[in-house]
Structure formats: C-alpha cells, structure tokens
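Survey of secondary and tertiary structure
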Amino acid sequence: MRLFVSYARVDKPYCIQIVDTLAVHDVWYDQRLYAGQKWWPEILRRLDWSEGFVYLLSPESLASDYCVREFQLAVALKRHIFPVKIHENTDIPEEVLHLQYADLSKGLTPEAVKILLSSIYLAERQTVMRPPLPVESISADAMRAPGMNPSTVISIATASMEKGQYDKAVYILKQAKANGYSSQYYNLDEVLQEAETGLERQAYLREADREYKNIAGLIKFKSTRSMGCAALRAFHNDFPGHDPESLGQICADETGAPMPMTLPERIAPLPTVAAASSNGSGAAPARTGYGVPAAAPAPAPVVKPFALPLLEWVDIPAGMATVDDVGVEEQIVRKQIFVDNFRVSKYPVTNAQYQAFLDDPTGYANMSWWSFSEHAHNWRMSNPVAKASRFKGDERPRETVTWYDAVAFTHWLGSRVGFKVTLPTEAQWQRAAHGDAAQRFPWGESFDASRANTRESEIKMTTLVLRYPEGASPYGVMDMIGNVWEWCLDTQTGHDLDVDLSTDEERAVHGGAF
C-alpha cells in the first residue's frame, strides 16, 4: 500500500524508525524542511498518490497546523486513516477515537506493530473495492496551505517558543521567509535560528527519553540488570550524561565499580547562582558553583546520588579579578583583588533545575531556606507560590527570581549534593567571566553579536543555555554575557569574603540580559 506518514518534526527520529518498520509498503514522509513555494504542492501531490494515511500522534503533531491540515485532507480524500500514538502524554482526538489506533508510545513492541500492520493489511484488501478520491475532487479552499498572517508572524512564533512549541515556530518562520517577509526592526534569521536550535534540542531529548525508559525497565529488574547496564553504557555514547533516574548509581552499586562523578568530589564553599536584574529588564536564573580553599583541601564529602540536568562544574583557578569599590569622596574606583580557586556551574540555572527545587517537598515549600534573613523570610511569607518563569523550555535560564529566591535555591541545592553551595561573589563572577586576560568580553575585546543573546541579536526572548558555545569564558563558562542578568552574593562595592546575608542592601548583578 502507498502510505503517507504525517508527523511533527520533533518526532522525526522515531518517525524514521516507524517508516523502516513499514518498509514492506511504499512509504513517503515529508522531510519537514518547510522551505520554498513548492512545499505545499508536493504535500498535495503525495496525498493524491497515497492510499493510506499514517498519523503519528503526539502533543506536538496535534498542535501542528500543517499536521491537522494534512489529516483533514486525507479524510476528505477518503484515504484509509491509521492513527499511531507515539507519545504517552497524548490525548487521542475525537476525530480518530472511532478508529483502532496502534500504541507505539512504549516503543516498537511486537504487539503494537502487529496491530498497525494488520490494520494496513485489511485496508489494502478494501482499497480495490473503494478507490480513493483524487485531489481535484475537493475544493480549492480545502487544498490551501495553513494560513499565515505576516503581521503576526513574530508574535505567534515567539509565543509558540515560550510554550516549547518549536515545531510550530519553525514552520511559521520558514514559511514567512519563503514568502519574502522581512522587518527592519528585527532579524528574522536570528529568530529562526533560535527556534531551530530549540527544536533540535527538543528532538534530541525526546529520543533520549524514549530509549532511556526502555533501558530503565531492564535495570529495575534484577534478572535483566546486567543487560540493562550494558545498554546504559552504550546509550551514554550517544546521549552522554542523560540519566534522570540515576540508573548509573544502580549499576555501580551492582558491580562495586566506582560511579563516575557528575558533581565535584572536593568540598569548597562558593558556587554561583544568577537571577533577575533590579530594573526588571532581564531574567533571574541561578548559576551555581563553589570555591576550593587555597590551603589543603578538606576531606571529600559523601556525595548523595542526586543530579540535575545540565548541572556541571567548571574549575576556576586562583588569580586576580577587577571589581568596583568606593574611593575618596564616595567615588567608584576600579581595583584588583585576589580570588581563591573555586568551582562554578557551567550554565546559568535552568528552568528544569529550578523546577526541581519547586517540585521537591523539601524545596521551595521549606521555609528554613529563607531563614538567613528577616527580609527573605518576609518575602517568602508574601509569596507562598513561586512566580512563574515567562519563557518556557527546560534548558532556558530561569528568570523572575529574586535574590532571596536565588539564595534559598543554593541552600536547597547544597543540602541535596552534600556540600555548601552559594551565589558567586562579584569578584568570583568577574574571575569566571574574564580570567587573567581581563578582556572586555568573555571571548575577547571586540563585541560579537553571534556569541551572545543581547539586544543586538534581535531575538527578544531568552535562548537555550547551550546556544552560544563560541561565547564561553576563558574557562568554558557559558552565557556570562546576555540572556539574563545574574545575581551575585555581595553588594556592588562590598567584597569581604564573609558576606552578610541578613541585610536588605542591593546586591550586584552582572552579565546583562537579552
């Protein structure tokens, strides 16, 4: 049977696996490039060619204008419809509830594949008796591509990205570009690149989660654990560091082999969290790190089997940092001070990391994390529910976080990882951002809009913390310029190592925002 496969681009890796499973049939699926004027005519041509329509159901495909339009056309053309659920969190729409669907959300199991292949086999026998309609039999309006209003392109695309609907954003922006749309006030290519980066990362994580769940099932049963652990090692070759359920710890306990550390082994008090600017123009994530004393290191703590996505530490060697201070007649002067070696988080605190704090019953709900200050306690009492992040997406920096929240987050994180975690002091932040070179920007003396999410990027929203590897500091710390403002532990002109957390003084912020 000639089959047309409709899917959301975020599901493309799994779509290809399903297409391979259907290899006994003549299968076509759109590469989802969305480019050029000939894209939709090709969709129509292939729908005309097809006899059956395989609809891969996921939250993204059901929210996709083009997937919905393809489905509607297939129904109007009386093609055989084969719904396939490919994501667990998918509500089957009413339009297909009357049809038998194959559930491949738990993988290509023999039972689910059999249901799909049997449905196609039975439909194939009926096709001769019920020939499908040609495309010309339906109205021109029905055949028209999903609409796009040029005046709302950016607002719809950015709203889609805020909701994590990168597939929809890419479609809208590529069609706008193909139709010659441009603006003198923002860079359409930059916004499109941000959407594509988010989509690629989302597809990567979707595929990682799908494979990981199957491996987790093997590891959780003792009889198949050795097989699962071998699979986990192979899995980490393709998806390094992806272990949300700490399966690596289970495998290490089973074999007695030391578990590779995802967190630093040496104790040291001083990490780094970043948050919102006082003028509200930025956001409020947390960057975490911690210092290593110049003297002999303390004994290594017992590190609890706790991990957060993208929580990685970077060693910052001891050296000088340039900071502002108060000089004669209250004039601000620049001076250099010595900073001991410490470690800092590679990325700003992400939505996913902060969400773990909110979801943990001993996290945001625990009033003790705000007990360092009467002002912090009062703030928390007035805010029993955390303020929502404006921009959605696990790997965007967390914003709309006060300094009190940021400090509380570090206290919670320290309790989970087993060593002291704090915001960076201003001097530590400057040291991590500029190193010994004391250069103007983390990458050098000249500004480069392609290395950071700033006003010049014209993206007008936060970006993924993985987006700008070329903008890393001399030590490899990411997003220290642009994206969101980052909180420091101390005030702009107070650089004592023993920072007083109990006052309501204004605290330093650095890095700028988008």
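Residues numbered from 1 in each chain as written. Predicted model: local features only at pLDDT ≥ 70, side-chain atom pairs only at ≥ 80, totals over all residues. Heavy atoms only, no water.

As for the overall build of the protein chain
Which entries qualify depends on this criterion: Secondary structure elements follow DSSP: runs of H or I of four or more residues count as helices, runs of E of two or more count as strands, with numbering from the N terminus. Residue exposure (1.4 Å probe, protein chains only): buried if accessible area is under 20% of the type maximum, exposed if over 50%, otherwise partly exposed. We call two residues contacting when some pair of their heavy atoms lies within 4.5 Å. Per-residue accessibility takes into account occlusion by the displayed protein chains alone, with areas from the Shrake-Rupley method and a 1.4 Å probe.
Looking only at helices and strands, the protein chain features 16 helices and 12 strands. Taken across its 514 residues, the protein chain has 51% of its residues classed as buried. Nonlocal contacts in the protein chain, meaning residues at least 24 apart in sequence, comprise 71% of its contacts between residues at least 6 apart. Summing over all exposed atoms, the protein chain offers an accessible surface of approximately 23,700 Å²; the carbon and sulfur share of this is 54%.

What about the pairing of strand β4 (residues 80-85)?
Within β4, 6 of the 6 residues are buried, leaving the element largely enclosed by the surrounding structure. What you see with β4 is no split at all: His80, Phe82 and Val84 on one side and Ile81, Pro83 and Lys85 on the other are buried throughout.

Some remarks on the nonpolar core
Rule in force here: As used here, the term nonpolar core means buried Ala, Val, Leu, Ile, Met, Phe, Trp, Tyr and Cys residues forming a set that is joined through side-chain atoms within 4.5 Å.
Core analysis: the largest hydrophobic core is formed by 46 residues, its most contacted members being Ile43, Leu47, Phe53, Ile154, Met161 and Leu173. Only α2 (39-49), β3 (52-57), α4 (65-76), α8 (153-162), α9 (166-178) and α10 (188-220) provide two or more residues apiece to this core. In this structure Met161 touches Tyr166, Ala169, Val191, Glu194, Ala195, Lys392, Arg396 and Met461, once residues within four positions along its chain are discounted. Judged by nonpolar contacts, the second largest core, of 29 residues, contains Val407, Phe409, Leu413 and Phe419.

Quick look at a negative patch on the surface
To keep it simple, the criterion reads: Residues enter a patch when their relative accessible area is above 30% and they make no salt bridge; the linking distance is 9 Å between like charges and 5 Å between nonpolar side chains (Val, Leu, Ile, Met, Phe, Trp, Tyr). The term salt bridge refers to a pairing of a side-chain nitrogen on Lys or Arg with a carboxyl oxygen on Asp or Glu at a separation within 4 Å. Two residue types count as positive, namely Lys and Arg, and two as negative, namely Asp and Glu; His and chain ends fall outside the count. The atom standing in for a charge is NZ when the residue is Lys, CZ when it is Arg, CG when it is Asp and CD when it is Glu.
Taken together, the side chains of Asp498, Asp500, Asp504 and Glu505 define an acidic patch exposed on the protein surface. Relative to the helices and strands, Asp500 is located in the loop between β11 (486-487) and β12 (509-510).

Brief notes about the pattern of salt bridges
In total, this model carries 20 salt bridges according to the counting rule given. Asp48 is the salt-bridge partner of Arg79, the closest N and O atoms lying 3.9 Å from each other. Remark: Asp48 occurs in helix α2 and Arg79 occurs in the loop between α4 and β4; sequence separation between them is 31 residues. Using a relative accessible area of 4% as the deciding quantity, one classes Arg79 as buried. On the basis of relative accessibility, which here comes to 33%, the residue Asp48 falls in the partly exposed class. Taking the shortest distance from any N to any O, the salt bridge between Asp189 and Lys177 comes out at 2.9 Å. One end of the pair, Asp189, is in helix α10; the other, Lys177, is in helix α9, with 12 residues separating them in the sequence. For Lys177, a relative accessible area of 43% translates into the label partly exposed. Each of Glu190, Glu194, Arg396 and Arg467 takes part in one network of salt bridges that share partners.

A few points about the side chain of Ser473
Mapped onto the elements of the fold, Ser473 is located in the loop between α16 (426-434) and β11. With residues near it in sequence (within four places) discarded, Ser473 still touches Ala432, Ala433, Pro442 and Met480.

Observations concerning the environment of Ser371
Note on placement: Ser371 falls in the loop between α13 (351-359) and α14 (374-382). Taking the relative accessible area as the measure of exposure, Ser371 reaches 55% and is therefore exposed. Considering only alpha carbons, one finds Ser371 and Ser502, 131 residues apart in sequence, at a separation of 9.1 Å.

What to know about the confidence of the model for the protein chain
The following threshold applies: Per-residue confidence from the prediction method is given by pLDDT, with values spanning 0 to 100.
Mean pLDDT for the protein chain: 83, with 85% of residues reaching 70 or above. Of all helices and strands in the protein chain, the one with the weakest mean pLDDT is strand β6 (residues 287-291) (58), whereas β11 scores best (95). Note on residues 258-284: pLDDT under 50 across the span, and 129 contacts to partners over four residues away in sequence or across chains. A low-confidence stretch, residues 291-304 (pLDDT under 50), is modelled with 35 contacts involving residues beyond four sequence positions or located in other chains.

Looking at the packing of α9 against α10
Threshold: Axis definition: a line fit to C-alpha positions, over the contact stretch in the case of helices; interaxial angles, taken between N-to-C directions, run 0 to 180 degrees. If you view the pair so one helix is near and one far, a crossing is left-handed when the near helix is turned anticlockwise from the far one by less than a right angle, and right-handed when it is turned clockwise.
The geometry of α9 relative to α10 is characterised by a closest axis approach of 9 Å and an angle of 150 degrees between their N-to-C directions. The element α9 and its partner α10 pack so that their crossing is left-handed. For the pair formed by α9 and α10, the contact residues are Tyr166, Asp167, Ala169, Val170, Leu173, Lys174 and Lys177 on the first element and Leu188, Asp189, Val191, Leu192, Ala195, Glu196, Gly198, Leu199 and Gln202 on the second.

Notes on the sheet that holds strand β2 (residues 26-29)
Basically, it comes down to this: Strands are labelled as partners when DSSP assigns at least two bridges between them.
Judged by pairing direction, the sheet is parallel, and its 5 strands sit side by side in the order β2-β1-β3-β4-β5 without closing on themselves. Each having just a single partner strand, β2 and β5 (102-103) make up the two edges of the open sheet. Inspection of the sheet shows strand β1 (residues 2-6) paired to β2 by 4 bridges, in the parallel sense. Residue pairing across strands places Val5 opposite Tyr29, the latter belonging to β2. Set on the sheet, helix α1 (residues 12-21) makes contact with β1, β2 and β3; between it and β2 the angle comes to about 170 degrees. Sheet contacts for α4: β1, β3 and β4; angle to β3, the most-contacted strand, approximately 150 degrees.

Brief notes about the packing of aromatic side chains
The following threshold applies: Pairing of aromatic side chains requires ring centres within 6.5 Å, counting the rings of Phe and Tyr and the six-membered ring of Trp. Pairs whose planes differ by under 30 degrees are stacked, by over 60 edge-to-face, and all others tilted. A ring is considered to have a charge above it if a Lys NZ or an Arg CZ atom is located within 6 Å of its centre and within 35 degrees of its normal.
Applying the stated criterion to the full structure yields 28 aromatic pairs. An angle of 50 degrees between the planes, with centres 5.3 Å apart, marks the rings of Tyr66 and Tyr171 as tilted. Taken together, the residues span a long stretch of sequence, with Tyr66 in helix α4 and Tyr171 in helix α9 at a distance of 105 residues. With respect to burial, Tyr66 and Tyr171 carry one shared label: buried. An aromatic cluster of three or more residues is present, and its members are Tyr354, Phe357, Tyr364, Trp370, Phe409 and Trp412. The ring of Tyr14 has Arg210 sitting right over it, with the charged end atom 3.7 Å from the ring centre. Lying across the ring of Trp370, Arg380 places its NZ or CZ 5.1 Å from the centre.

A few points about the state of the cysteines
Keep this limit in mind: When two cysteine sulfur atoms are found within 2.5 Å, that pair is recorded as a disulfide.
What the rule picks out here adds up to 1 disulfide. You can see Cys67 has no disulfide; the closest cysteine sulfur is in Cys15, sitting 9.8 Å from it. Given the relative accessible area of 0%, Cys67 is considered buried.

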